[in-house]
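Read off the chains here:
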Amino acid sequence: MSFQAKPRVLFSRQEIEATVRKLAAEISQDYQGKHPLLLGILKGSFMFMADLIRLLDFPLEVEFISLSSYGRGRSTPGELKVVQGLRSQIRGRDVLVVEDIVDTGHSAAFLLDYLRKKKPASLKLCALTDKPSRRKVPVTIDYLGFTVPDKFIVGYGIDWDERFRYLPDICFVEVED
Ligand code: PRP
């Protein structure tokens, strides 16, 4: 890994704020009166989740789940499994999975499949970013913030080998050898 990597802004914090507002409005409309469970995938979704839920104006529950990290973007998922499980009941609930980035799609597809078996009343996916150029397995994203190019995306919760997660903008990393 090069330590000369320099993040450049792809979507500014102002653009992120406007997009999170738009997503919150769509979600608010669809989930009014439903008391859904918003389920974030750790760690990447924590910042997005925090901003999203404070814009939602109806009762909801928040939960996080941790998957075995296999390194984003690998073409094979290896042994993807749940390493920190759920405390909430899924059966009969309206569940909205919150993801920071859908890359190959392995993580989202695995989790949606895992949850579907627990018989939720409804199951949807909200992703802040989507990198469709890298997709290996099909994933339906019900609420999407940004489509991103095939670059190393970092910031606003998204890391590159645990680096740059704290950046307030969504950036891409240019590697300088
Ligand atoms: C990242 C990201 C997604 C997943 C997307 O998680 O947060 O969950 O990879 O990649 P995929 O579509 O190719 O599966 P990661 O495993 O890097 O863990 P992190 O969220 O803790 O950074």
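The text that follows walks through the structure, step by step, so that each part is easy to find. Predicted model, so just to flag it, every value in this text is computed and none were measured.

Judged by how many residues are buried, strand S2 (residues 37-42) sits mostly within the fold: five of six residues are covered. In terms of strand pairing, S2 meets strand S3 (residues 61-67) through six bridges, oriented parallel. Following the sheet pairing, Gly40 is matched in S3 by Phe64. The parallel pair S2 and S3 is bridged by helix H2 (residues 46-53), and the resulting crossover is right-handed.

Glancing now at the sheet that holds strand S1 (residues 6-11). The antiparallel open sheet is built from three strands, whose spatial order is S1-S9-S8. A single partner strand is all that each edge strand has here, and the edge strands are S1 and strand S8 (152-154). When the angles between neighbouring strand axes are averaged without regard to direction, this sheet yields 40°. Looking at chain direction, S8 and strand S9 (residues 170-174) are connected through three bridges and run antiparallel. Within S9, the residue paired with Ile153 across the bridge is Phe172.

Attention shifts here to the nonpolar core. Ile27, Phe48, Leu52, Cys126, Tyr156 and Ile170 are the most contacted members of the largest nonpolar core, which has 27 residues in total. Counting only elements with at least two residues in this core, the list comes to helix H1 (13-31), H2, strand S5 (94-102), strand S6 (122-130), strand S7 (143-147) and S9. Here the element with the most residues in this core is H1; it accounts for six residues. With residues near it in sequence (within four places) discarded, Tyr156 still touches Ile16, Val20, Gly44, Met47, Phe48, Asp51, Leu128, Arg165, Leu167, Pro168, Asp169 and Ile170. Counting residues in each nonpolar core, the second largest holds 17 residues, with Leu39, Val102, Ala108 and Leu112 among its members.

This brings us to H1. An ideal rise of 1.5 Å per residue puts 27 Å on 19 residues; H1 measures up with 26 Å between its terminal C-alpha atoms. Those residues of H1 not exposed but buried are Ile16, Thr19, Val20, Leu23, Ala24, Ile27, Ser28 and Tyr31. The first or second residue beyond H1 is Gly33, which carries a positive phi of 75°.

Moving on, we get to the pattern of salt bridges. Where charged atoms from two side chains of opposite charge approach closely, those side chains can pair. Considering all chains together, one arrives at 12 salt bridges under this definition. Lys131 is the partner of Asp103 in a salt bridge, and the nearest nitrogen-oxygen pair spans 3.5 Å. Here Lys131 lies in the loop between S6 and S7 and Asp103 lies in the loop between S5 and helix H3 (106-116), a separation of 28 residues in the sequence. Taking relative accessible area as the criterion, Asp103 reaches 6% and is therefore assigned buried. Among the salt bridges present, the one from Arg135 reaches Asp130, with a minimum N-O distance of 2.5 Å. In this structure Asp130 comes out as buried when scored by relative accessible area, which is 8%.

Criteria and thresholds
Residues numbered from 1 in each chain as written. Predicted model: local features only at pLDDT ≥ 70, side-chain atom pairs only at ≥ 80, totals over all residues. Heavy atoms only, no water. Buried < 20%, exposed > 50% of the residue type's maximum accessible area, 1.4 Å probe, protein only. Helix = DSSP H or I, 4+ residues; strand = E, 2+ residues; numbered from the N terminus. Pairing = 2+ DSSP bridges. Right-handed = clockwise from strand over helix to strand, strands pointing away. Axes fitted to C-alpha atoms, helices over the stretch in contact; angles between N-to-C directions. Core = buried A, V, L, I, M, F, W, Y, C linked by side-chain atoms within 4.5 Å. Contact = heavy atoms within 4.5 Å. Expected span 1.5 Å × (residues − 1). Salt bridge = Lys/Arg side-chain N within 4 Å of Asp/Glu carboxyl O.

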